[in-house]
Amino acid sequence: MGSPSTGSSLASLSSTFVLVCDGLLNPMDGVIYLNAPLDRETQDQFQISIVVERPDGREIAKPVELRVMVGDANDNRPTFPQAQYHTVVKELAHRGTEILTVQAADNDDPKTDNVRIFYRLVVQIPETPRALFRVDRDSGVISVQADNMEGTAPQYTLTITAEDAKGLNSSCAVVVTVQDENNNAPVFSQHEGGEGGGAEGGGAGGVMTDPSRGARGLGRPHERRPPPRAGGEEGREWYGPYHVPEDAGVGTTVTAVVAGDADVRGGDSWQVNYRLESGNEEDVFTLAVDRHTNEVSLVLSKVLDFERESEYILVLSARNPVALVRGRYGPASTATVSIYVDDVNEGPILSQSHYEVTVREGEEPGRVIATIRGHDPDSHPIRYSLRGDTKRYFSIGKYSGELKTVQALDREENSTYTMEVIAVDGRNANLSASTLVTVQILDVNDNSPVLVGDYSWKYLCTPRWEEQALVLASRDSDGPQHGGRLNFSLRSDATVRRNWKLTPINDTHTNLSLNTPYLAPEVYTVPFTISDSSSPPRSTFINLPVTVCPCNIRGNCKMAAKQLQGMPTIQSAVGILLGTFTFIGTILVVIFVRLSYQNPKRPSKTSQERVPLNISL
């Protein structure tokens, strides 16, 4: 408001006060009153304009600006921006490691002590071990108070309170997860007759070696532990020896062991990777790991052979997939597994599963055509025999395995023979092996070509008809190497070659036709030779009767041709046949008559007695 003098002057003029603000002004005396409660956090100051007017509304003086400042009262509690926080602390974190800072806010005047906040850790769940964490009273920094977090729970929930000087407060929850670190190496340890735990359960795994309960896998423990071998490392676990028969199948589990790890179960620090460091240079064994239990099984990946290797000493190591952050892998992280291979009487083994042998046909019997070779892993004698040689063309030496022919073989009869050779253990007939033997018979040119078909009813027309010919067919029983292409050739005679012509059609057929325009009608003998393609060739000489006759316009013979000189006619042939039958019949009749007279039948008593009496009554 204005100065007192001015105010007095204004009063004598019977002035009216007007307040332009949210307050209440008494228009008579100019006293300003609160019209509503004030809240500094909502509005911390007010600007009031006061005007003095005459009753008629005219202003007496310029408006007076009044600024009212709202004083702070500690009426706000400190609050956290969120009700719950999450943070992680490593298992090996040392004392004083800061893990989180919490900050509460107070809406009171920051220029006063009303906003000063004090932090306090109220509750730790789980409660034990106590004093793992602390919170700084002024800054709200949460840190580790214990020497480290080893052996603690995997998670803790902290209740932090923020309080001001008046005692107004609020709280928040801080969830602290303890992060596992790989500070424990896996350790092998045997526990008689059972498996070990691992992870948080504590204790190392082992192999079941109690014979009364059965060992894990096929391996049979021979004793608890053999004496340490030269060069062995002190502190290393020794499993076995286990006895495995040499005929154990691929995929058989020999034994199973466990290296326990005290880190948190299921994490990378708890997982174990196994490796065979030595003794498995030929990859006879492989490892199969159960990731749920860390148990490793020793599995056969190849067939065992007692005669080749009777004992295996395997060195097995256990490592985590992540690096150790403290300590090192010692002897306890390595184990020795001893395995004895037990001898089993094995059957013979043949060098080949299939033999293919070639023999020339007509080969002299008794020649060795193959030798079946086998060996017995146990050095027992082997007896050989044949199966499937139904016609007994072959024989085999009982102990030598020499396969021989018993008789000469004919390729035209059978070009391939297949049989089975059985090799039997000389000391155990139930143990055997077999192999197939296929004998291929090589062709030899031992067959001459022959003419095939009946040509007696065929003829050639005279005068010669163009394109008319007799198709002659031939066959050779030898293979294509010898009888593939058959050659027809006329006898080297001027008359024959003048009258006849042979024209090849293919490898086995040729055309026989007239080589002259006209031949007198009659039956001619055409001499020619059929030869195969071998060297030297085999040949067959043929005298083929060929009828030549005059033909009508349809190509049919119009008259019978003259008979070939020296050959009978049809009538004479029939007469000769009837005369022969008559002669044979006459001789048979004479023989039967003579026999009937030399041995007359006498009526027997029995026959006479069987004749009935004729009695008249």
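Residues numbered from 1 in each chain as written. Predicted model: local features only at pLDDT ≥ 70, side-chain atom pairs only at ≥ 80, totals over all residues. Heavy atoms only, no water.

### Describing the packing of aromatic side chains
Stage number 1. Applying the stated criterion across every chain, the model contains nine aromatic pairs.
Stage number 2. Each ring, one from phenylalanine 80 and one from tyrosine 119, has its centre 6.3 Å from the other, and the planes form 50°; the classification is tilted. Placement of the pair is phenylalanine 80 in the loop between β5 (64-69) and β6 (84-90) and tyrosine 119 in strand β8 (residues 117-125), with a sequence separation of 39 residues.
Stage number 3. When its relative accessible area of 12% is taken as the criterion, phenylalanine 80 is described as buried.
Stage number 4. Pairwise contacts between aromatic rings join Phe188, Tyr239 and Tyr274 into one cluster. (Phe/Tyr/Trp six-rings, centres within 6.5 Å; stacked < 30°, edge-to-face > 60°. Helix = DSSP H or I, 4+ residues; strand = E, 2+ residues; numbered from the N terminus. Buried < 20%, exposed > 50% of the residue type's maximum accessible area, 1.4 Å probe, protein only.)

### Observations regarding a nonpolar patch on the surface
Stage number 1. Together, Phe581, Phe583, Ile584, Ile587, Leu588 and Ile591 make up a nonpolar patch on the protein surface, roughly 590 Å² of accessible area in all.
Stage number 2. Among the secondary structure elements, phenylalanine 583 is positioned in helix α4 (residues 570-598). (Patch = residues over 30% accessible without salt bridge, like charges linked within 9 Å, V, L, I, M, F, W, Y side chains within 5 Å. Areas by Shrake-Rupley, 256 points an atom, 1.4 Å probe, with all protein chains shown as cover. Salt bridge = Lys/Arg side-chain N within 4 Å of Asp/Glu carboxyl O.)

### A few points about the sheet that holds strand β7 (residues 98-101)
Stage number 1. The three strands are arranged β7-β10-β9 in an open sheet whose pairing can be described as antiparallel. The outermost strands of the open sheet, each flanked by one partner alone, are β7 and β9 (133-135). The average angle at which neighbouring strand axes cross in this sheet is 20°, direction not considered.
Stage number 2. Here three bridges tie β7 to strand β10 (residues 141-144), and the two strands are oriented antiparallel to one another. Paired with glutamate 98 across the strands is serine 143, a residue of β10. (Pairing = 2+ DSSP bridges. Axes fitted to C-alpha atoms, helices over the stretch in contact; angles between N-to-C directions.)

### Overview of the sheet that holds strand β31 (residues 450-452)
Stage number 1. Strands sit in the order β31-β33-β36-β35 across an open sheet of four strands; the sheet is antiparallel. Two strands bound the open sheet, and with one partner strand each, they are β31 and β35 (500-504). For this sheet, the mean inter-axis angle between neighbouring strands, taken without regard to orientation, is 35°.
Stage number 2. Here strand β33 (residues 470-475) runs beside strand β36 (residues 509-514); their pairing, made up of four bridges, is antiparallel. Within the sheet, the bridge partner assigned to valine 471 lies in β36 and is asparagine 511.

### Let's talk about the environment of arginine 360
Stage number 1. Tracing the chain through its elements places arginine 360 in strand β23 (residues 354-360).
Stage number 2. C-alpha separation for the pair arginine 360 and leucine 409, spaced 49 residues apart in sequence, amounts to 8.0 Å.
Stage number 3. The residues contacting arginine 360, other than those within four sequence positions of it, are Leu442 and Val444. (Contact = heavy atoms within 4.5 Å.)

### Details of the state of the cysteines
Stage number 1. One pass over the structure, following the stated rule, counts two disulfides.
Stage number 2. Through a disulfide, cysteine 461 is tied to cysteine 551; the S-S separation comes to 1.9 Å. Given an S-S torsion of about -95°, the disulfide between cysteine 461 and cysteine 551 has left-handed geometry. Within this pair, whereas cysteine 461 is found in strand β32 (residues 459-461), its partner cysteine 551 is found in the loop between β38 (539-549) and α4, the two being separated by 90 residues in sequence. Each member of the pair, cysteine 461 together with cysteine 551, is buried.
Stage number 3. One disulfide in the model links cysteine 549 with cysteine 557; its S-S distance is 1.5 Å. Its S-S torsion of about -55° marks the bond between cysteine 549 and cysteine 557 as left-handed, since a negative value means left-handed.
Stage number 4. Numbered by order of appearance in the sequence, the disulfide-linked cysteines of the protein pair as 1-3, 2-4. (Disulfide = S-S within 2.5 Å.)

### A word on unusual backbone geometry
Stage number 1. Each neighbour pair has its own omega, and for isoleucine 125 with proline 126 the value is -5°, a cis peptide bond.
Stage number 2. Within the fold, proline 126 resides in the loop between β8 and β9.
Stage number 3. Following glycine 240, the chain continues to proline 241 via a peptide bond in cis, the omega torsion being 5°.
Stage number 4. With respect to the helices, strands and loops of the structure, proline 241 is situated in strand β15 (residues 237-245).
Stage number 5. Phi at alanine 131 is positive, roughly 55°, even though this residue is not glycine.
Stage number 6. Relative to the assigned elements, alanine 131 resides in the loop between β8 and β9.
Stage number 7. A positive phi angle, near 70°, is found at asparagine 294, a position not held by glycine.
Stage number 8. Relative to the elements of secondary structure, asparagine 294 occurs in the loop between β18 (285-290) and β19 (295-300).

### Looking at the pairing of strand β12 (residues 169-179)
Stage number 1. Looking at chain direction, β6 and β12 are connected through seven bridges and run parallel. Pairing of valine 89 across the sheet is with valine 178, part of β12.
Stage number 2. Relative to β12, strand β11 (residues 155-164) runs antiparallel, the two sharing nine bridges. Paired with isoleucine 160 across the two strands is cysteine 172, which belongs to β12.
Stage number 3. In textbook terms, the turn of a hairpin is the stretch between consecutive antiparallel strands, and for β11 and β12 this stretch comprises four residues, one of which, glycine 167, has a positive phi near 100°.

### Side note on the side chain of aspartate 164
Stage number 1. Following the sequence through the fold, aspartate 164 ends up in strand β11.
Stage number 2. Buried aspartate 164, no salt bridge; nearest opposite-charge side chain is lysine 166, N-O distance 7.6 Å.
Stage number 3. Among the polar contacts listed, one links the side chain of aspartate 164 to the backbone nitrogen of leucine 168, at a separation of 2.8 Å.
Stage number 4. Once you skip the residues sitting within four places of it in the chain, aspartate 164 turns out to touch Asn74, Asn76, Arg77, Pro78, Asp106, Asn114 and Arg116. (Lys, Arg positive; Asp, Glu negative; His and termini not counted. Polar contact = N/O pair within 3.5 Å; in protein donor to acceptor, adjacent residues only side chain to side chain.)

All quantities given are derived from atomic positions and should not be read as evidence of function.
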